[in-house]
Amino acid sequence: MKLQRKHALVLIGIAVWNVVTYLRFIKALADTEGRPTGYYVAHTILIIVNLLIAAVLGTWGVRAYKADRQLSASGTSPE
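What counts, and at which threshold
Residues numbered from 1 in each chain as written. Predicted model: local features only at pLDDT ≥ 70, side-chain atom pairs only at ≥ 80, totals over all residues. Heavy atoms only, no water. Salt bridge = Lys/Arg side-chain N within 4 Å of Asp/Glu carboxyl O. Helix = DSSP H or I, 4+ residues; strand = E, 2+ residues; numbered from the N terminus. Buried < 20%, exposed > 50% of the residue type's maximum accessible area, 1.4 Å probe, protein only. Polar contact = N/O pair within 3.5 Å; in protein donor to acceptor, adjacent residues only side chain to side chain. Contact = heavy atoms within 4.5 Å. Axes fitted to C-alpha atoms, helices over the stretch in contact; angles between N-to-C directions. Parallel < 35°, antiparallel > 145°, perpendicular 65-115°, else oblique. Left-handed = near helix turned anticlockwise from the far one by under 90°. Nonpolar A, V, L, I, M, F, W, Y, C, P; charged D, E, K, R; others polar. Phe/Tyr/Trp six-rings, centres within 6.5 Å; stacked < 30°, edge-to-face > 60°. Lys NZ or Arg CZ within 6 Å of the ring centre and 35° of its normal.

Under the definition given, this model contains two salt bridges. A salt bridge links Asp68 to Arg5; the nearest nitrogen and oxygen atoms lie 3.4 Å apart. A residue pair is termed long-range when its members are at least 10 positions apart, and Asp68 in helix α2 (residues 37–74) and Arg5 in helix α1 (residues 5–31) qualify at 63 residues. Between Lys27 and Asp31 there is a salt bridge, with its nearest N and O atoms 3.2 Å apart.

Structure follows, in structure tokens:
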């Protein structure tokens, strides 16, 4: 399956959104005090996993965007 440019842009957009929101979440987490250690561990794991998901989606989006651009430049249509 070949992703079109609009799909690539959606993947990139979701990746950027995840990074922006979770960077804000990191700041909010750093500003909290007096929580049990488990709270910080659980939220840190959540942040790491979501940033990894953003990296994967961003990578897929960039690859799909580049592939679609190359197909457009060569004049062939995706199947």
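Turning our eyes to something else, we now look at the side chain of Asn50. Looking at where Asn50 falls in the secondary structure, it is placed in helix α2. Judged by relative accessible area, which is 14%, Asn50 ranks as buried. Within the local environment of Asn50, its side chain forms a polar contact with the side chain of Tyr22, the two groups lying 3.3 Å apart. With residues up to four places along the chain from it excluded, the contact list for Asn50 reads Asn18 and Tyr22.

Contact geometry of α1 with α2 gives a least axis separation of 7 Å together with a crossing angle of 155 degrees. With respect to each other, α1 and α2 are oriented roughly antiparallel. The hand of the α1/α2 crossing is left-handed. Here the residues of the contact of α1 with α2 are counted per class, giving 23 nonpolar, seven polar and three charged.

Attention shifts here to the side chain of Asp68. The buried category is assigned to Asp68, whose relative accessible area is 10%. Apart from the residues lying within four places of it in its own chain, the contact partners of Asp68 are Leu3, Gln4 and Arg5.

What follows is about the environment of Val56. Inspection of the secondary structure puts Val56 in helix α2. Residue class for Val56 comes out partly exposed when judged on its relative accessible area of 40%. A sequence separation of 44 residues divides Val56 from Ile12, and the C-alpha atoms of the two residues are 9.8 Å apart.

Here we come to the packing of aromatic side chains. For the structure on display, the rule yields two aromatic pairs. A ring pair is formed by Tyr22 and Phe25, whose centres lie 5.8 Å apart and whose planes are at 90 degrees; its orientation type is edge-to-face. Here Tyr22 and its partner Phe25 are both found in helix α1, three residues apart, which amounts to about one turn of the helix. Assessed through its relative accessible area of 16%, Tyr22 is described here as buried. Relative to Tyr40, the ring of Tyr39 has its centre 5.4 Å away and its plane inclined at 85 degrees; by these criteria the two rings are edge-to-face. Overall, the relative accessible area of 23% leaves Tyr39 in the partly exposed class. The class of Tyr40 is partly exposed, set by a relative accessible area of 24%. Here the guanidinium or amino end of Arg35 rests over the ring plane of Tyr39, the centre of that ring lying 4.6 Å away.

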